[in-house]
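What follows is the residue order along each chain.
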Amino acid sequence: MTDLHDDRILILDFGSQYTQLIARRVREAGVYSEIYPWDAPFEQISDFGARGFILSGGPESTLARDRPEVPAGLFDLGLPILGICYGMQAIAEQLGGKVENVGKSEFGYASVRARGHTDLLRDIQDHATAEGHGMLDVWMSHGDRVAELPPGFKLMASTESAPIAGMADEERRIYGLQFHPEVTHTRQGMAIYARFLHQICGCGSEWTSHNIIEATIADVRERVGNDEVILGLSGGVDSSVVAALLHKAIGEQLTCIFVDTGLLRYREGDLVMEQFAEHMGVHVIRVDAEQRFLARLEGLTDPEDKRKAIGNLFIEIFEEEAGRQNDAKWLAQGTIYPDVIESAGAKTGKAHLIKSHHNVGGLPEDMKLDLVEPLRELFKDEVRHIGVELGLPREMVYRHPFPGPGLGVRILGEVNKKFADTLRLADHIFIEELRNHDLYDKVSQAFVVFLPVKSVGVTGDGRRYNHVVSLRAVETIDFMTARWADLPYHFLDHVSRRIMNEIEDISRVVYDISGKPPGTIEWE
């Protein structure tokens, strides 16, 4: 079998919010990619075995004293380089060009004229001018700009506000783009990446869902052999895909432990058992732990205290049940590549703690089981594609993210069963109506939050004094930033009336119009 990692691209991250999107675009073109920080040890960079490098954008200025820099040795490796936004400016500054700040930033749509007929942009265009000049519709996001080309470079693209919007040294195969080809607003972005990856770097297209599944199954079978494996099945996308993948690889050697915390979505526990135990024949042990979790949460109101209480108890219960599986030698986890990147940032001190990670729990230090993480190299969209190919229902695989602590952090203040049941039903109504109105897939995440306040309402001739819930729906590319979803008023009105008519404990429904930043997507 061909090694899917033979053709690989290394992305050096200069802090752009789009860096993971670059890696995903590369993989969509069938090429394996990884992300390293710009200041990773050069030996690690050179030993990676890349066919080429992509330098991301970033928030810094190449004019600053402590600016991030392209590792000097990178230019001596003789491999193709594509610099994007800050990456292009860093190339220009370090190779003898000039960068300037004109006191005016450019954010949003721009029309770029492709010039110079370079290998990167030749015959790639959205439309042509009356004079026959090829034009590209792109997305700009920059403050500085390149003012003078470095020696050996020629002009590749230009706009009115950025006369040097692209540059190329074709002899050395070094290219720079001021715009962002990774975002969907740049209509020819995938064509540009494909040209760089396949023609300039010489990469194939082996990184596909089918090949990933086949390679992963072979790897798991080789590593695990005839050993027993246990998996904490949460019902979320990642653990569900791991369960389907491992079941295909090792069949009855897999045992899944599903801890029902009582803080899950509407009928989640029953649906998990139906899908995996009944339909797929996976061995699933369901642990009904609602009372234990509610007891542990009693009296707790601080979000971090609640997260830790839920996480610690989850580990306790999982370890109890795992301890009964005497033959198990392996623990499977649904770790995905963004988790790996985040963990690396935490270890180096380059990531800031906003709150405890959404995933429940952590691994005990004295764990005696070996770890198997079949999704460790994959982004979430790749995991979803694989899930569908493995036969999981699309509605399950493409569900919105759900925090590990579940409703425990969507009930503000103290958690109890009545609040959880009320919120669960309100959330179900909201999601059901999003699906009914063909809006579910048009938002990135949607849910209901239970607020620790009451409000006066009227039912018939009577006064009611009941709880308030907030609807939350956001649109985002990478969940690092998000904007509130502009849902139709008639839809919000319909959802609000359904919730208040069908749930007697709720007397008022509000809609959250906070962006991220300054807010976060979850309330806690």
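Residues numbered from 1 in each chain as written. Predicted model: local features only at pLDDT ≥ 70, side-chain atom pairs only at ≥ 80, totals over all residues. Heavy atoms only, no water.

Q: Whenever I open this one, the overall build of the protein confuses me. Can you help?
A: Scanning the protein from terminus to terminus reveals 14 helices and 19 strands. Projecting the C-alpha coordinates of the protein onto the three principal axes gives extents of approximately 75 × 65 × 40 Å. Burial status across the protein gives 52% buried among its 524 residues. Of all intrachain contacts in the protein linking residues separated by at least 6 positions in sequence, the fraction that spans at least 24 positions is 75%. Counting every atom, the protein has about 23900 Å² of accessible surface; 48% of that belongs to carbon and sulfur. Of the charged side chains in the protein, 55 are positive and 81 negative; the average position of the first set lies 4 Å away from that of the second. (Helix = DSSP H or I, 4+ residues; strand = E, 2+ residues; numbered from the N terminus. Buried < 20%, exposed > 50% of the residue type's maximum accessible area, 1.4 Å probe, protein only. Contact = heavy atoms within 4.5 Å. Areas by Shrake-Rupley, 256 points an atom, 1.4 Å probe, with all protein chains shown as cover. Lys, Arg positive; Asp, Glu negative; His and termini not counted. Charge placed at Lys NZ, Arg CZ, Asp CG, Glu CD.)

Q: When you look at the sheet that holds strand 12 (residues 254-260) in this model, what are you seeing that I'm missing?
A: Within a sheet, each strand pairs with its neighbour through backbone hydrogen bonds, oriented either parallel or antiparallel. Across the sheet, which stays open at both edges, the five strands sit in the order 13-12-11-14-15 with parallel pairing between neighbours. For this open sheet the edge positions go to strand 13 (283-288) and strand 15 (370-372), each flanked by a neighbour on one side alone. Averaged over neighbouring strand pairs, the angle between their axes works out to 30° when direction is ignored. For strand 11 (residues 228-232) and strand 14 (residues 328-332), the ladder comprises four bridges, and the chain directions are parallel. By the bridge assignment, Val229 is partnered in strand 14 with Trp330. (Pairing = 2+ DSSP bridges. Axes fitted to C-alpha atoms, helices over the stretch in contact; angles between N-to-C directions.)

Q: Would you mind showing me how to read the side chain of Lys306 here?
A: Along the polypeptide, Lys306 turns up in helix 9 (residues 303-323). At 3.1 Å, the side chain of Lys306 and the backbone oxygen of Gly408 are in polar contact. Setting aside chain neighbours within four positions, we find Lys306 in contact with Leu297, Leu300, Thr301, Gly408, Ile411, Leu412, Gly413, Val415 and Glu524. (Polar contact = N/O pair within 3.5 Å; in protein donor to acceptor, adjacent residues only side chain to side chain.)

Q: For this particular structure, what's the right way to read helix 4 (residues 189-200)?
A: Since the α-helix turns once every 3.6 residues, residues separated by three or four places project in the same direction. The end-to-end C-alpha distance of helix 4, which contains 12 residues, comes to 16 Å, matching closely the 16 Å that a straight helix rising 1.5 Å per residue would cover. Regarding helix 4, the residues found buried are Gly189, Ile192, Tyr193, Arg195, Phe196, Leu197 and Ile200. Summarising the contacts, the buried residues of helix 4 are in contact with strand 1 (8-13), helix 1 (19-28), strand 3 (52-55), strand 4 (81-84) and strand 10 (174-177). Note on helix 4: the residue one or two positions beyond its end, Gly202, has a positive phi of about 75°. (Expected span 1.5 Å × (residues − 1).)

Q: Looking at this structure, how should I read the packing of helix 5 (residues 209-224) against helix 11 (residues 380-389)?
A: The relative placement of two packed helices is expressed as an angle between their axes plus a distance between the axes. At a minimum axis separation of 10 Å, helix 5 and helix 11 run at an interaxial angle of 80°. Relative to helix 11, helix 5 is oriented roughly perpendicular. On helix 11, the residues touching Ser209, His210, Ile212 and Ile213 of helix 5 are His385, Ile386 and Glu389. Here the contact of helix 5 with helix 11 is built from residues that sort into three nonpolar, three polar and one charged. (Parallel < 35°, antiparallel > 145°, perpendicular 65-115°, else oblique. Nonpolar A, V, L, I, M, F, W, Y, C, P; charged D, E, K, R; others polar.)

Q: I keep staring at the pattern of salt bridges and nothing clicks. Help me out?
A: Should the charged atoms of two oppositely charged side chains come close, the side chains can pair. Considering all chains together, one arrives at 36 salt bridges under this definition. In this structure, Arg424 and Asp421 form a salt bridge, with 2.8 Å as the shortest nitrogen-oxygen distance. Taken together, the residues span about one helical turn, with Arg424 and Asp421 both in helix 13 (residues 417-436) at a distance of three residues. According to the relative accessible area criterion, Arg424 is buried, its value standing at 12%. By relative accessible area, Asp421 is classed as partly exposed at 33%. One salt-bridge network, in which partners are shared between bridges, spans Asp260, Arg267, Asp270, Glu274 and Arg286. (Salt bridge = Lys/Arg side-chain N within 4 Å of Asp/Glu carboxyl O.)

Q: I tried to follow the nonpolar core on my own but got confused; where do I start?
A: Soluble globular proteins tend to bury their nonpolar side chains together. Counting residues in hydrophobic clusters, the biggest one holds 48 residues, and the most contacted among them are Phe430, Leu434, Leu487 and Ile499. For this core, the leading source of residues is helix 13, giving eight residues. When residues no more than four places from it in sequence are discounted, the contact partners of Leu487 are Phe430, Leu434, Leu439, Val443, Ala473, Leu492 and Tyr511. Counting 41 residues, the second largest nonpolar core, distinct from the first, contains Val220, Val224, Leu378 and Val397. (Core = buried A, V, L, I, M, F, W, Y, C linked by side-chain atoms within 4.5 Å.)

Q: Can you walk me through the side chain of Thr19 in this structure?
A: Mapping Thr19 onto the fold places it in helix 1. Assessed through its relative accessible area of 3%, Thr19 is described here as buried.

Q: Even after reading the chapter, I still don't get the environment of Gln199, so can you show me in this structure?
A: Tracing the backbone through its elements, the reader meets Gln199 in helix 4. The class for Gln199 is partly exposed, based on a relative accessible area of 49%.

Q: Would you take a moment to explain the pairing of strand 4 for this structure?
A: Side-chain positions along a regular strand alternate between the two faces of the sheet. What you see with strand 4 is no split at all: Ile81 and Gly83 on one side and Leu82 and Ile84 on the other are buried throughout. For strand 3 and strand 4, the ladder comprises three bridges, and the chain directions are parallel. Bridged to Ile54 within strand 4 is Leu82. By the bridge criterion, four bridges tie strand 4 to strand 10 in an arrangement that is parallel. Counterpart to Gly83 in the pairing with strand 10 is Gly176.

Q: What should I look at first to understand helix 9 in this one?
A: Taking 1.5 Å of rise per residue, 21 residues should cover 30 Å, and helix 9 covers 30 Å from first to last C-alpha, within 8% of that figure. For helix 9, the complete set of buried residues consists of Lys306, Arg307, Ala309, Ile310, Gly311, Leu313, Phe314, Ile315, Ile317, Phe318, Glu321 and Ala322. Those residues of helix 9 hidden inside the fold are in contact with strand 11, strand 12, strand 13, helix 8 (290-297) and strand 14. With a side-chain oxygen positioned 3.1 Å from the backbone nitrogen of Glu304, the residue opening helix 9 is Asp302.

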